[in-house]
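Here is what each chain is made of, one letter per residue.
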Amino acid sequence: MKKYLFGAIIACLIGLSANAQDKKVYTAQDVKDEFVRTWQAYKQYAWGHDVLLPITKTNADWYKESLHISPIDAYSTMKVMKLDKYAKEVEQYIKDSVSFDKDIYVKTFEVNIRVLGGLLCMYQYTNDPRILAQTKDFGDRMLKAFNSPTGIPYYWVNLKTGQVKGSVVNTAEAASYMFEMGILSYYTKNPVYYQAAKKANLYIWNKRSKINLVGNVINNETGEWIDRNSYVGAGDDSYFEYLLKTWVLFKDPQLRTMWDKSIAAINKYIPEQTNTGVWYGYVNMDTGEKTKPTVTLYDAFWPALYALDGDLKRAEAFDDTWDGLWNKYGLEPSGYDYKKEEPTYPVYDLNPEIIESAYYLRYYTKNPKYEARGQQYYRDILKYCKTDIAFSSIADVRTMKQNNELPTFFFAETMKYFYLLFGGNPDVNLQQYVFNTEAHPFKKSGFIPKEIKKRLGINN
C-alpha cells in the first residue's frame with residue numbers, strides 16, 4: 001500500500017511539474033539563452049559549413065562548397081540580442097576567411113534574402129568598408145543572374161563564371177529583389193542593382209491579368225506564364241511583401257501603386273470563408289475563379305503584412321485562422337487542404353511566419369493575446385523540436401518525428417521574432433525598422449530621402 005501511495009505521489013508531482021511547464025511564461029532572456037545554446041552547437045559541430053544537423057551532431061552544405069549561410073543569417077539576431085561577442089566573431093570570419101569566388105551554381109532567390117541581405121545588415125551595423133567590399137562582390141556575382149531577355153533572373157547563377165541556368169521560376173523567385181538590391185545601390189551609390197531588380201518586378205507587373213492578379217510560374221526567356229494560378233503563399237509571397245516593404249523603405253511611388261492594385265485584387269478574389277476560418281487558396285489569375293483549396297504555412301505571414309499596411313481587421317481575422325491550424329496539431333503543416341482539413345505536406349521546418357505575425361499584431365494592436373499566442377508557439381517548439389544540443393524540424397506534425405534539420409532561418413527569423421515578441425530590445429521596433437523577408441532589420445533613418453532618389457535612380 002505504501003509503495004502504491006508513494007508511486008501515486010510521484011506521478012502526481014510529475015504531472016504537476018509538466019503542467020507548470022505548460023503554463024510557464026517565457027521571457028526574452030529565455031529565448032536568448034536558447035539561441036546561444038543552439039549557436040554554440042553550430043560552432044562545435046558545423047563551423048565553416050552552411051547548416052547544423054542537430055540529431056546526428058554533424059553538418060551539411062547547400063552546395064559542394066559552403067556559403068557560410070548560418071553565420072551570415074544569424075548575425076542580425078546576435079546584434080538585436082546584443083550578443084556582441086558572437087557578432088564580432090562572425091564579422092571577423094567574413095572579413096578574413098570567406099571568399100565568394102566559388103565555382104558553384106547557387107539559387108538566386110535564396111542567396112539574395114539570406115547572404116546578400118545578411119551582409120547588407122552586417123554593413124549597416126559595422127560601417128566597415130571591408131564588409132561592404134564583400135557585400136558588393138557578392139552582389140556583382142548575383143547580378144549576372146538578371147541577364148535574361150525579360151530581365152527576370154535565372155533560377156541558378158554560377159558565382160565564379162557568371163553562367164546561368166533555369167529559365168522557369170516562380171513569381172517570388174522572379175521578383176523579390178528590390179529590397180536588398182535597393183539597399184546595395186544606396187550603400188554603393190550605384191543604381192544598377194535597384195534598377196535591375198525593379199525591371200524584373202515591372203515585367204511581372206506588366207504581365208498581370210485584366211483583374212490585376214499575377215500567375216505563379218513564368219519563363220524568363222519567353223515571358224510566358226506557365227502556371228496561371230494566383231495565390232499568396234510560398235511561390236508568390238515575397239513578391240507582394242517586397243512591393244510594400246520596399247515602398248516603406250524607399251517611397252518609390254510606382255511600388256505603392258503596384259501594391260494598392262495588387263492587394264485590392266487579392267482581397268476581392270482570393271479569400272474564402274469556411275467554418276474553420278478565412279483561407280487564401282488558389283484562383284485563376286484571369287477570372288478569379290477558385291481552383292485549389294490548398295495553402296502553405298508561409299501564408300501565415302500575411303497578417304503581418306496586413307498590419308504593416310494598416311488593415312488590422314483583415315490581419316486579425318487571418319491570424320485567427322492560422323492560430324487555429326497551429327493548435328489543431330501543436331505545430332503547423334507546411335501544406336494544408338482546408339476543404340479536406342488535412343495536411344498535403346506535413347513537415348514543420350521551424351518556420352517563423354506565424355510568430356512574425358504575432359509580433360506585428362502585438363505591436364500594432366497592443367493586444368496581449370498575440371503575445372499569449374506566441375507563448376503557446378514557443379512552448380510547442382520546445383516540446384516537440386528541442387534536441388539535446390539545438391532544435392530540429394519535424395517530419396510530420398501528426399507524429400512529431402524529428403527530421404535532423406535546422407534551417408538557417410531559425411537563427412535569422414524564428415528566434416528573433418520570439419525575442420522581440422517577448423519584449424526583448426524594444427529599440428528595434430516596427431516604427432523605426434523595416435525587416436527583409438529573412439528578418440534582417442534595416443533602420444529607416446539610415447536612408448535619406450534625397451539620397452535614395454539619386455542612388456537608386458528613382459526619377460518619378
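Residues numbered from 1 in each chain as written. Predicted model: local features only at pLDDT ≥ 70, side-chain atom pairs only at ≥ 80, totals over all residues. Heavy atoms only, no water.

S.K.: Pulling in residues and values, what's your account of the nonpolar core?
M.R.: Judged by nonpolar contacts, the single largest core of 153 residues is most densely connected at Met181, Trp302, Tyr348, Ile381 and Phe435. Per-element tally for this core: the top contributor is helix H5 (residues 108–126), with 10 residues. With residues up to four places along the chain from it excluded, the contact list for Met181 reads Asn112, Leu116, Met142, Leu143, Phe146, Tyr193, Tyr194, Ala196 and Ala197. (Core = buried A, V, L, I, M, F, W, Y, C linked by side-chain atoms within 4.5 Å. Buried < 20%, exposed > 50% of the residue type's maximum accessible area, 1.4 Å probe, protein only. Helix = DSSP H or I, 4+ residues; strand = E, 2+ residues; numbered from the N terminus. Contact = heavy atoms within 4.5 Å.)

S.K.: Provide a residue-level description of the sheet that holds strand E9 (residues 229–230), including the pertinent values.
M.R.: Read from one edge to the other, the open sheet built from three strands follows the order E9-E12-E13, with strand pairing classed as antiparallel. Where the open sheet ends on each side, the last strands, each with one partner, are E9 and strand E13 (290–292). (Pairing = 2+ DSSP bridges.)

S.K.: Could you give me a rundown of helix H4 (residues 84–97), with the residues and numbers involved?
M.R.: For H4, built from 14 residues, the straight-helix expectation of 20 Å at 1.5 Å per residue is met to within 8% by its first-to-last C-alpha distance of 19 Å. Where H4 is concerned, the buried positions are Tyr86, Ala87, Val90, Glu91, Tyr93, Ile94 and Lys95. On its buried face, H4 is in contact with helix H2 (28–46), helix H3 (69–80), H5 and helix H6 (129–143). (Expected span 1.5 Å × (residues − 1).)

S.K.: Can you lay out unusual backbone geometry for me, pointing to particular residues and giving the numbers?
M.R.: Phi at Asn212 takes a positive value of approximately 70°, unusual for a residue other than glycine. Within the secondary structure, Asn212 sits in the loop between helix H9 (192–206) and strand E7 (217–219). By relative accessible area, which is 22% here, Asn212 ends up partly exposed. The residue Lys251 is not glycine, and still its phi comes out positive at about 60°. On the secondary structure map, Lys251 appears in the loop between helix H10 (237–250) and helix H11 (253–269).

S.K.: How would you summarise the pairing of strand E16 (residues 342–345) if you had to cite specific residues and measurements?
M.R.: Direction of pairing for strand E15 (residues 335–337) relative to E16: antiparallel, over a ladder of three bridges. Bridging across to E16, Gly335 finds its partner in Tyr345. Once E15 ends, the chain turns through four residues before running back antiparallel as E16, passing Glu341 with a positive phi of about 60°.

S.K.: Requested: an account of helix H13 (residues 312–329), with residues and values cited.
M.R.: Helix length check: H13, at 18 residues, gives a terminal C-alpha distance of 26 Å against a target of 26 Å (1.5 Å per residue), a fit within 8%. Looking only at H13, the buried set comprises Ala315, Phe318, Asp319, Thr321, Trp322, Asp323, Leu325, Trp326 and Tyr329. Looking one or two residues beyond H13, the residue adopting positive phi is Gly330, at roughly 100°.

S.K.: Account for the packing of aromatic side chains, with residues named and values stated.
M.R.: The tally for this structure, following the rule as stated, stands at 46 aromatic pairs. An angle of 65° between the planes, with centres 4.9 Å apart, marks the rings of Tyr186 and Phe447 as edge-to-face. Placement of Tyr186 in helix H8 (residues 178–188) and of Phe447 in the loop between strand E20 (441–443) and helix H17 (449–456) is noted, with a sequence separation of 261 residues between them. For the pair formed by Tyr186 and Phe447, the shared burial category is buried. Geometrically, the ring pair formed by Tyr359 and Phe435 is edge-to-face, given 6.5 Å between the ring centres and 80° between the ring planes. With a gap of 76 residues between them, Tyr359 in helix H14 (residues 353–365) and Phe435 in strand E19 (residues 433–435) connect regions that are remote in the sequence. (Phe/Tyr/Trp six-rings, centres within 6.5 Å; stacked < 30°, edge-to-face > 60°.)

S.K.: Any details on the pattern of salt bridges? Residues and values, ideally.
M.R.: Side chains carrying opposite charge are able to pair once their charged atoms draw close together. For the structure on display, the rule yields 30 salt bridges. A salt bridge links Lys57 to Asp388, with the shortest nitrogen-to-oxygen separation between them at 2.9 Å. Remark: Asp388 occurs in the loop between helix H15 (369–385) and strand E17 (394–396) and Lys57 occurs in the loop between strand E1 (51–53) and strand E2 (58–60); sequence separation between them is 331 residues. Among the salt bridges present, the one from Glu272 reaches Lys339, with a minimum N-O distance of 3.0 Å. Placement of the pair is Glu272 in strand E10 (residues 271–274) and Lys339 in the loop between E15 and E16, with a sequence separation of 67 residues. (Salt bridge = Lys/Arg side-chain N within 4 Å of Asp/Glu carboxyl O.)

S.K.: Describe in detail the environment of Ser262, supporting the description with residues and values.
M.R.: Positionally, Ser262 belongs in helix H11. Here the alpha-carbon distance between Ser262 and Gly166, two residues 96 residues apart in the chain, equals 27 Å. Residues within four places of Ser262 in sequence aside, it is in contact with Trp205, Asn212, Phe240 and Leu243. For Ser262, the side chain forms a polar contact with the main-chain oxygen of Met258, separated by 2.7 Å. (Polar contact = N/O pair within 3.5 Å; in protein donor to acceptor, adjacent residues only side chain to side chain.)

S.K.: Tell me what's going on with the layout of surface pockets, and back it up with residues and numbers.
M.R.: Its boundaries defined by the atoms lining it, the largest pocket holds a volume of some 1000 Å³. In this structure, the largest pocket is lined by 45 residues; those nearest its centre are Phe109, Glu110, Arg114, Tyr298 and Phe409. Of all the elements in the fold, those that place two or more residues in the lining of the largest pocket are E1, H5, strand E6 (168–170), helix H7 (171–174), H10, H14 and helix H16 (409–421). Per-element accounting of the lining of the largest pocket gives the leading share, five residues, to H5. One number sums up the size of the second largest pocket: a volume of about 180 Å³. If you trace the second largest pocket, you find it lined by Tyr359, Arg362, Tyr363, Lys366, Leu420, Leu421, Gly423, Gly424, Asn425, Pro426, Val428 and Asn429. The set of elements that each furnish at least two residues to the lining of the second largest pocket consists of H14 and H16. Considering each element in turn, the lining of the second largest pocket owes the most residues, three residues, to H14. Here the residues of the lining of the second largest pocket sort into six nonpolar, four polar and two charged. (1 Å grid on protein atoms, 1.4 Å probe; cavity = no way out; pocket = protein on both sides within 12 Å on 5 of 7 lines; lining within 4 Å. Points joined across faces, edges and corners; volume = space filled by probe spheres on them. Nonpolar A, V, L, I, M, F, W, Y, C, P; charged D, E, K, R; others polar.)

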